[in-house]
Amino acid sequence: MNFHFISFFNYSNNLNIKKKFKKKISKNFNNFFVFTPLYIKKNYPKLNWTTKNYKKYYLKNINKSNLKFNPYWLANGLQSWKPQIILCYLNKMKKDDYLIYHDINFKKYEYYLENFNLNQNYFKKIINNKSIILFRDTYQSIEMQCKSGLIKKYINKNFNINNNGFWSGLIIIKNDTKGKRFLQNWCKLSTISNLDPIS
């Protein structure tokens, strides 16, 4: 069983984040990689839309609607790159290897540094041969995390929308049929219209 650790870096004004991440991860993982918008543009041109800056398309309408939103997400492809890069990397791995994705910005979230210190033994204990391992950071209901239109479109009427959602900042996927199917479905759902704050 091999582990691969990946992340995504889009902070050109703070290269120390990437350097420190690589230094910490390399102590515990032989296989690790950091995607960047430039790398995606060069190697996966069909995914250029995932790193586009969508501020000009949505900012005016958002300001009119008084919605709370994260402007960095608009400038950063609305996070649409996340399932795409995980699937791209998974497709290069050996069957039944595990991929760990973790967000990189420990400047904003200092506790990430503690997570970066976790070694392969820790992850071996928690996976228990599962194909998909999801995490929660703090309680936030699905009703708070999702647009009402998406809830109506995708969630069963009997489902309790007050349930806690999952955190996409840390995820573990096994390179098997179940893991790939999960990612393929995530990619299909991660359209710009589904991810933008207003539609």
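About the thresholds
Residues numbered from 1 in each chain as written. Predicted model: local features only at pLDDT ≥ 70, side-chain atom pairs only at ≥ 80, totals over all residues. Heavy atoms only, no water. Phe/Tyr/Trp six-rings, centres within 6.5 Å; stacked < 30°, edge-to-face > 60°. Lys NZ or Arg CZ within 6 Å of the ring centre and 35° of its normal. Helix = DSSP H or I, 4+ residues; strand = E, 2+ residues; numbered from the N terminus. Buried < 20%, exposed > 50% of the residue type's maximum accessible area, 1.4 Å probe, protein only. Contact = heavy atoms within 4.5 Å. Pairing = 2+ DSSP bridges.

1. Points about the packing of aromatic side chains
Move 1: One pass over the full model with this rule turns up 21 aromatic pairs.
Move 2: Through a chain of ring-to-ring contacts, three or more aromatic side chains come together here, namely Phe3, Phe5, Phe21, Phe29, Tyr98, Tyr109, Tyr111, Tyr112, Phe116, Tyr122, Phe123 and Trp167.
Move 3: The ring centre of Phe166 lies 4.2 Å from the NZ or CZ of Arg136, which sits over that ring.

2. A closer look at the environment of Ile126
Move 1: Tracing the sequence through the fold places Ile126 in helix α7 (residues 120-127).
Move 2: Overall, the relative accessible area of 32% leaves Ile126 in the partly exposed class.
Move 3: Between the C-alpha atom of Ile126 and that of Thr138, which follows or precedes it by twelve residues, the distance is 19 Å.
Move 4: Setting aside residues up to four positions removed in sequence, Ile126 forms contacts with Phe135 and Ile172.

3. Digging into the pairing of strand β5 (residues 167-174)
Moving residue by residue along a regular strand, the side chains alternate between the two faces of the sheet.
Move 1: In terms of burial, β5 is largely enclosed, as seven of its eight residues are buried.
Move 2: Summarising the sheet, strand β3 (residues 98-102) and β5 pair through five bridges and their orientation is antiparallel. Residue His102 lies in a different strand from β5, and its bridge partner there is Leu170.
Move 3: Of the strand pairs in this sheet, strand β4 (residues 132-135) and β5 are connected by four bridges, and their pairing is antiparallel.

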